[in-house]
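# Descriptive structure summary
Residues per chain, in single letters:
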There are 4 protein chains.
Amino acid sequence: MKTYRLASREGHPEDSIIKVNDNLTIGGSDLIIIAGPCAVESRDLYLEAALLVKAGGAQILRGGAFKPRTSPYSFSGLAQEGLEILVEARAKTGLPVVTEVMDVRDLELVIQYADILQVGSRNMQNFSLLQEVGKTNKPVLLKRGFAATILEWLLAAEHIMKAGNHQVILCERGVRTFETFTRNTIDLGAVVAVKELSHLPVIVDPSHGTGRASMVAPIARAAIAAGADGIIVEVHQNPDQALSDGFQSITPEAFTRMVIDLRRIADAVGRNLPI
Amino acid sequence: MKTYRLASREGHPEDSIIKVNDNLTIGGSDLIIIAGPCAVESRDLYLEAALLVKAGGAQILRGGAFKPRTSPYSFSGLAQEGLEILVEARAKTGLPVVTEVMDVRDLELVIQYADILQVGSRNMQNFSLLQEVGKTNKPVLLKRGFAATILEWLLAAEHIMKAGNHQVILCERGVRTFETFTRNTIDLGAVVAVKELSHLPVIVDPSHGTGRASMVAPIARAAIAAGADGIIVEVHQNPDQALSDGFQSITPEAFTRMVIDLRRIADAVGRNLPI
Amino acid sequence: MKTYRLASREGHPEDSIIKVNDNLTIGGSDLIIIAGPCAVESRDLYLEAALLVKAGGAQILRGGAFKPRTSPYSFSGLAQEGLEILVEARAKTGLPVVTEVMDVRDLELVIQYADILQVGSRNMQNFSLLQEVGKTNKPVLLKRGFAATILEWLLAAEHIMKAGNHQVILCERGVRTFETFTRNTIDLGAVVAVKELSHLPVIVDPSHGTGRASMVAPIARAAIAAGADGIIVEVHQNPDQALSDGFQSITPEAFTRMVIDLRRIADAVGRNLPI
Amino acid sequence: MKTYRLASREGHPEDSIIKVNDNLTIGGSDLIIIAGPCAVESRDLYLEAALLVKAGGAQILRGGAFKPRTSPYSFSGLAQEGLEILVEARAKTGLPVVTEVMDVRDLELVIQYADILQVGSRNMQNFSLLQEVGKTNKPVLLKRGFAATILEWLLAAEHIMKAGNHQVILCERGVRTFETFTRNTIDLGAVVAVKELSHLPVIVDPSHGTGRASMVAPIARAAIAAGADGIIVEVHQNPDQALSDGFQSITPEAFTRMVIDLRRIADAVGRNLPI
């Protein structure tokens, strides 16, 4: 009863490869790099950031228009205005965009803009949302709940797949433990486990997984070495002034250096990081 | 920035008392007992259960019509049919009903049936849902997320209150830890903390908090002794055949005995358990 | 293989009653109250505290002469001088004393002074120490490791019992979780579980279990309501100046009030709190 | 007060390099591979294993003569006989040996055999033991407690260093979380953090960190990519028949393949894995 079927590698032994557009897939021998600011804060900032991360090696842009915030008094995103900026960035860079959808009622809107729909950590067991993204034909980036077991994570993917959409990309982003030095405890064992248990691609978010800019690059390297299919990382031109998660955002320069290092790790594990 | 204001006891030193109907309040010197099956499974079963828990001392009925389930292959509730059964049980017993709403799109429907809206543990940070229940005039039973800190829990209440609805009842239901003998680790320290930090009433769910029928009564007693304003408990005529959570459901007989014991604890801490 | 036998209630269905001296037992219908400062800091302070907690209702004195400290730069106890003060306090009050032994090499010394040997949370899996206290004829207060499962805790008791000493008193003192508001998360479910699984008495430490003086009394009440056989609590005349754990120590006045309230809970659950 | 000083990178900015013998150091640009069975089970098995892991690339042998066991009914090691086998293996292979010391009273014995003293996870806060190994002149492999924070881990190192011995090698071996698929949750973020905070070398134990043989190699790769100074891994000729931890032991063949892969990661991060 408590078992995933569609997400299981049993019966589907080969890796799933998710097609993002005619030029880009996730889950094959090519690794994927997704980058951008945590939130879309303004048109100028975002467009500049998009060009910078593209130059640094990003293949997909990230940016939140709807931001889940623990406090109701925090900045919660630009909503439709943010989506429009994302689309403008896509036009300027040629890179597809991934953005979070938090509310089933926003889905119709978001789907018109996003190339990949993100389901955030806090919504991993928002079963209505899972079902609705499962009815779309867009790839879904499914973040692991911050206290979800590997089994629950795969069952969340199963909810999406059972609704019809098999294009699920799993994303490990750290789990909640007793440790307080790091924001979360990144669980690279889960990446290895999920690659064994499931045919779905899995990427890693070292930004949330550590909560510290200085730790992002080493954990990104470790993720690729462990077998992840890519990373998603927060990049901001001016982390100190970011409206959200600045402490864990790296600069475009640090991002560029990190990608160079990742290419060496990719080679070492027989994967390819396209230019 | 990361602080609750409306939920805080500072500036609102006296306890909030939530009015459920003309005869019933939550949060004053009277304790509240909420009971019923986990899910509404069938009309006959539910109506019988409702009469039995009323006889045993319940003042409010619980029962899920929409059930969040980890696996997409599990029973997920009778939906509107379940709501209608709840209303029939209310008519037969005179007791108000609390039921979970999982999806903002169901809210308009649920609100026509429920006396109290439940926001479940997995949805504690479903901010759209919090906001929408915050626009209603129904009391909201806000379960603590299974890995939410006390601060995040109070901030979730703040989301509801900021939207206009101050009738929030907090519910501790156990948190996720390394322990596997119990389903969750019930955190009665959180009950004490929340009574210090906030003016909102707080009740305890010993069924989810332990996941074991034999542990429900002792933890219910402990909850009242710690200062909780009541309990919510799963009762089933035939726990072995329950479609959901049977292992943690107690029988109507055990429920009746438990309430007798709770009355003695209530007296010992200067609270009142109405007949 | 991974099962406790001697500690199990199977094969030993009746509760174990541990005899401390001719007048005092732990585990029967009488509840036990153990109180005193965290550490023995000075002769005058300790003797005064001992008289105050006796007046307030304590039946056993607690006080550390050897203190395990996370930092090597913290106060680590008066060692033998502390033990001598404990014995003087026993003579003055007539109350037996419990004190921690951290090192197998100190056991011969400590055993000459202590009525009950305490094995601390950090040493719950110090198997050499368990074995050695298991060879003595003194009752052992075995604190749960701060991240030990219930099974591991009972197996630690089994280590002591297998060495020959069946006089083990279990002590729940909170476990480590993601929560940061409280020092630990007190696990009263574990108390209920252990009473089911084992015949050994179990008491609760609300001081370490919460880490906050204001929360000690409510959690002590909850512990007794859940079925604990007693409590152990830190009391200090001047908590702000305590060399160890002052933030969680209550004053003698608060202790006296707490005991009065515990007596009412004891009555409500059919237990007896001797004068 | 709660701060490490001797272990801190402040005041000691350059990496510490621990000398094991005239040919071998830990903490410089060379990586270290420690391997062998969990426990020394018999002379023949151990000597064969030692030769096999040497052939596969191990530079140091591991093997427990004193085994901490959760249950008193589990195999707990061959004690002195085990130590003698270790020394014979050292003679046959030329490789130094690391073995655990659990009891201060065994230290004098163990020190005559071991090249590196291991303090196990359950003893990370056995402060007497820390102090005593701190008085020796042997390198100490200090495993992180399974629920220790990074700060507590560094303070445990500080206990050893304050006693006079600065040759501490930290070892991350996974922490306890809610996840049950893996035995522990390996915390590679802690490796990165510790390299920032301290000058001490840090290695990773992917065997305990995952509890699954199939996950050992990918996590070993990730560890090196994250910046660890080496790994310690359990290898057994016949994992199914191991007396301890067989489920997480890899075969000598798998070990040999793993080392080949690690060499490629070492190159990618600018480290050297000596032949």
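Below is a summary of the structure that appears in this document. Per chain, the residues get numbers from 1 upward, laid out in the order the sequence is written. Chains carry letters and ligands carry numbers; both start at the beginning, A for chains and 1 for ligands, and go up in the order they are written. In keeping with the model being predicted, local features are shown solely for residues with a pLDDT of at least 70 and side-chain atom pairs are shown and tallied solely at 80 or more, while totals for entire chains, interfaces and linings include all residues. Values shown for side chains rest on all heavy atoms present in the structure; no hydrogens or waters enter the calculation.

### What about the relation of the copies chain A and chain B?
Quick reminder of the rule: Least squares is used to superpose the copies, and the fit set is the C-alpha atoms of residues whose pLDDT is at least 70 in both copies. Contacts: residue pairs with any heavy atoms within 4.5 Å of one another.
Aligned on chain B, chain A shows an RMSD of 0.0 Å; the corresponding rotation is 180 degrees and the shift along the axis is 0.0 Å. Viewed as a symmetry operation, the transformation between the two copies matches a two-fold axis. No C-alpha of chain A lies nearer the rotation axis than that of A147 of chain A, which sits 3.1 Å from it. Residue by residue, 100% of the interface of chain A is reproduced at the interface of chain B, so both copies engage with the same surface.

### Re unusual backbone geometry
Residues and elements named next belong to chain A. We count it as follows: Strands are runs of DSSP state E lasting at least two residues, helices are runs of H or I lasting at least four, and both sets are numbered from the N terminus onward. Three labels apply to residues, based on accessible area from a 1.4 Å probe with only protein chains included: buried if under 20% of the type maximum, exposed if over 50%, partly exposed otherwise in between.
Positioned with a positive phi, A79 is a non-glycine residue whose angle comes to about 55 degrees. Within the secondary structure, A79 sits in the loop between strand 4 (60-62) and helix 2 (80-93). On the basis of relative accessible area, A79 is assigned to the partly exposed category, the value being 27%.

### Here's the deal with the pattern of salt bridges
Selection criterion: Here, a salt bridge means any Lys or Arg side-chain nitrogen found within 4 Å of an Asp or Glu carboxyl oxygen.
Here the structure, examined in full by the defined rule, presents 76 salt bridges over all chains. Of the charged contacts in the structure, one is a salt bridge between D115 of chain B and R90 of chain B, with a shortest N-O distance of 2.7 Å. In this pair, D115 of chain B sits in the loop between helix 3 (107-111) and strand 6 (116-119) while R90 of chain B sits in helix 2 (residues 80-93), placing the two residues 25 residues apart along the sequence. Salt-bridge contacts for D245 of chain C lead to R183 of chain C; the nearest nitrogen and oxygen are separated by 3.3 Å. Pair noted here: D245 of chain C is in the loop between strand 10 (230-234) and helix 9 (252-268) and R183 of chain C is in the loop between strand 8 (168-172) and helix 6 (188-197), with a separation of 62 residues, a long-range link. A single network of salt bridges, built from pairs that share partners, joins R43, D44, E88 and K92 of chain A.

### A look at helix 8 (residues 213-226) of chain B
Residue and element names in this part refer to chain B. This is how it is decided: Under the convention used throughout, the expected extent of a helix is 1.5 Å for every residue step, that is, one less than its residue count.
The terminal C-alpha atoms of helix 8, which comprises 14 residues, lie 21 Å apart, in line with the 20 Å expected from a rise of 1.5 Å per residue. In terms of residue burial, helix 8 counts as a mostly covered element, since eleven of its 14 residues are buried. By the burial criterion, the buried members of helix 8 are M215, V216, P218, I219, A220, R221, A222, A223, I224, A225 and A226. Remark: G227 follows helix 8 within two positions and exhibits a positive phi of approximately 115 degrees.

### Quick look at the interface of chain A and chain B
Applicable threshold: Reported buried area values correspond to the accessible surface (1.4 Å probe) lost by two parts on association, with both partners' losses combined.
Taken residue by residue, the interface counts 33 residues in chain A and 33 residues in chain B. Taking both sides of the interface into account, the surface hidden between chain A and chain B amounts to around 3,100 Å²; carbon and sulfur atoms contribute 54%. The largest contributions to the chain A side of the interface with chain B come from T70, P72 and Y73 of chain A, which together make up 22% of the buried area. Viewed at the interface, chain B and chain A are joined by four salt bridges. The salt bridge partner of E152 of chain B is R176 of chain A, with a shortest N-O separation of 2.6 Å.

### Focus: the interface of chain D and chain B
Keep this limit in mind: Within 3.5 Å is the distance limit for a polar contact, defined as a pair of N or O atoms, with the added protein rule that one can donate a hydrogen and the other accept it, and that residues adjacent in sequence qualify only through two side-chain atoms.
Chain D puts four residues into the contact, and the matching count from chain B is four residues. For the pair chain D and chain B, the two sides together bury roughly 290 Å², of which 81% comes from carbon and sulfur. Contact with chain B buries surface across chain D, with R176, F178 and T180 of chain D losing the most and accounting together for 89% of the total. The tally of links between chain D and chain B comes to zero salt bridges. Where chain D packs against chain B, one counts zero residue pairs in polar contact (both at pLDDT 80 or more).

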